[in-house]
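Overview (structure and organization)
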Amino acid sequence: MTQPPAHRIMMSVQKAPKINRTINPVIGPAIVALIAIAGLFYVKWSPYYARAFVAAANHAIGKSILMGTDAAAPAPSWDAAVGYALAYGKAIWQAMVLGLLLGSAIQALLPVNWVARALGRTGFGSVLAGGLLSLPGMMCTCCAAPVVMGLRRQQAAPGAAMAFWLGNTVLNPATLVFIGFVLGWQWTGLRLALGLVLVLGLGALVNRFSPIADQQAALHALQAEAEAQNPFVRWLKILGRMAVRLIPEYIVIVLVLGAARAWLFPAIGPEVGNSFIWIAAFAIAGTLFVIPTAGEVPIIQAMLSLGMGVGPAGALLMTLPPVSLPSIAMLHRSFPPKALAAVIAGVVLLGIVGGYLAVALF
């Protein structure tokens, strides 16, 4: 049998179609949407809907995770560290799993340019879009962090990603309802008003503190990476890398904060009044500490019942939810250091403002 000439073999090899390993533009987004909707319904929407009726009936949603029914957190010790870590982990582990799944799926299963098209601009409209996108999430600051990592990796603008991160906690619709039923609707108004300033203002500020990136070059690199591997294999690899990198440091910092509760939040009573020292101290402590979603509500309720002034309560209302040491550590590679420093300072400042507004209004 006659063999074809060598040059024809070479031409046929050169003309062989390139294998396209990128995800189908319908299937990939459908899987991400399914994970988001089913996961949020199971972890957030359904439980919070039921808890809203509990809050309305009992004017409470549980005990303070910070100190229970005591007037002070336990003294620093290994038992205090492990006790808080276990209580906190029990409250958030499902949402953390969901956050990791979504953060990795955004990178592997969405078409490369989707996030950049929706959230990639550095104007105020992109910040507003990030804030609006956060409203259904209702995640705590640490559980939202993996999703923010995924958005930034896919070239969401820094301000849009920051607005999404902060909005998950500060503008959480369920928490706003809990605050109203448990603490009073005037506290909901304070949280909402300052929350909008925090989410949109700090989102816009982060854009100013972030260098302008070459988005097109980054997207080309992401496209080449996406075409080099099966998308589902890539998803599992990204998920594994995120879990290995984030979870150990997360656990260590939560343990440290659990042990340090008594230092951050001293014995609570009428002596914790409305002076600048107390308001500023609780604003800083609230910014550093980590709590589950809506955990600030029973914490503030317990502290007010022990006679604490409304000024420190207002500071905690604005600083406990949005950021924490663990979540900042998780995202330190996703934002420039100056941008994160500006956000930390902004949260503390708005906490102090919230404290003084609470004193003036309540």
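Here's a quick rundown of the structure.

About the thresholds
- Residues numbered from 1 in each chain as written.
- Predicted model: local features only at pLDDT ≥ 70, side-chain atom pairs only at ≥ 80, totals over all residues.
- Heavy atoms only, no water.
- Salt bridge = Lys/Arg side-chain N within 4 Å of Asp/Glu carboxyl O.
- Helix = DSSP H or I, 4+ residues; strand = E, 2+ residues; numbered from the N terminus.
- Buried < 20%, exposed > 50% of the residue type's maximum accessible area, 1.4 Å probe, protein only.
- Axes fitted to C-alpha atoms, helices over the stretch in contact; angles between N-to-C directions.
- Parallel < 35°, antiparallel > 145°, perpendicular 65-115°, else oblique.
- Left-handed = near helix turned anticlockwise from the far one by under 90°.
- Contact = heavy atoms within 4.5 Å.
- Expected span 1.5 Å × (residues − 1).
- Patch = residues over 30% accessible without salt bridge, like charges linked within 9 Å, V, L, I, M, F, W, Y side chains within 5 Å.
- Areas by Shrake-Rupley, 256 points an atom, 1.4 Å probe, with all protein chains shown as cover.
- 1 Å grid on protein atoms, 1.4 Å probe; cavity = no way out; pocket = protein on both sides within 12 Å on 5 of 7 lines; lining within 4 Å.
- Points joined across faces, edges and corners; volume = space filled by probe spheres on them.
- Nonpolar A, V, L, I, M, F, W, Y, C, P; charged D, E, K, R; others polar.
- Phe/Tyr/Trp six-rings, centres within 6.5 Å; stacked < 30°, edge-to-face > 60°.

**Some remarks on the pattern of salt bridges**
Across all of its chains, the model carries 3 salt bridges by this definition. When the shortest N-O distance is used, the salt bridge between Arg-153 and Glu-225 registers 2.7 Å. With a gap of 72 residues between them, Arg-153 in helix H6 (residues 141-153) and Glu-225 in helix H10 (residues 215-227) connect regions that are remote in the sequence. Look at Arg-153 and you get partly exposed, because its relative accessible area is 37%.

**Focus: the environment of Pro-266**
For Pro-266, the position within the fold is in the loop between helix H12 (261-264) and helix H13 (276-288). When its relative accessible area of 29% is taken as the criterion, Pro-266 is described as partly exposed. C-alpha of Pro-266 to C-alpha of Pro-74: the two residues are 192 residues apart in sequence and 9.8 Å apart in space.

**Structural notes on the packing of helix H7 (residues 158-170) against helix H9 (residues 185-208)**
Interaxial distance between H7 and H9 falls to 7 Å at its minimum, and their mutual angle equals 160 degrees. In terms of orientation, H7 lies roughly antiparallel with respect to H9. For the crossing formed where H7 meets H9, the hand is right-handed. Residues Pro-158, Gly-159, Met-162, Ala-163, Leu-166, Gly-167, Thr-169 and Val-170 of H7 lie in contact with H9, whose contacting residues are Arg-191, Gly-195, Leu-198, Val-199, Leu-202, Gly-203, Val-206 and Asn-207.

**Here we look at H6**
With 13 residues, H6 should reach 18 Å at 1.5 Å per residue; the first-to-last C-alpha distance of 18 Å fits that figure. Of all 13 residues in H6, 12 are buried, a share of seventy percent or more. What H6 keeps buried is the set Thr-141, Cys-142, Cys-143, Ala-144, Ala-145, Pro-146, Val-147, Val-148, Met-149, Gly-150, Leu-151 and Arg-152. Against the buried residues of H6 lie helix H3 (78-109), helix H4 (114-119), H7, helix H11 (231-259) and helix H16 (325-330). Among the residues trailing H6, Gln-155 stands out with phi positive, at a value near 75 degrees.

**Some points on a nonpolar patch on the surface**
Together, Leu-349, Val-353, Leu-357, Leu-361 and Phe-362 make up an exposed nonpolar region whose accessible area comes to about 430 Å². Among the secondary structure elements, Phe-362 is positioned in the segment after helix H17 (337-361). Under the relative-accessibility criterion, Phe-362 is labelled partly exposed at 33%.

**Comments concerning empty space enclosed by the protein**
In total, this model carries 1 cavity of 30 Å³ or more according to the counting rule given. If you add up the space inside the largest cavity, you get close to 70 Å³. Thr-169, Pro-292, Thr-293, Ala-294 and Pro-321 are the residues nearest the centre of the largest cavity, which is lined by 14 residues in total. The residue makeup of the lining of the largest cavity, split by class, is 7 nonpolar, 6 polar and 1 charged.

**Structural notes on the packing of aromatic side chains**
One pass over the structure, following the stated rule, counts 10 aromatic pairs. Arranged with centres 6.1 Å apart and planes meeting at 10 degrees, the rings of Tyr-84 and Tyr-88 form a pair that is stacked. Of this pair, Tyr-84 and Tyr-88 are both found in helix H3, 4 residues apart, which corresponds to roughly one turn of the helix. In this pair, the class of Tyr-84 matches that of Tyr-88, namely buried. In this structure an aromatic cluster arises from ring pairing among Tyr-84, Tyr-88, Tyr-250, Phe-265, Trp-278, Phe-282 and Phe-289.

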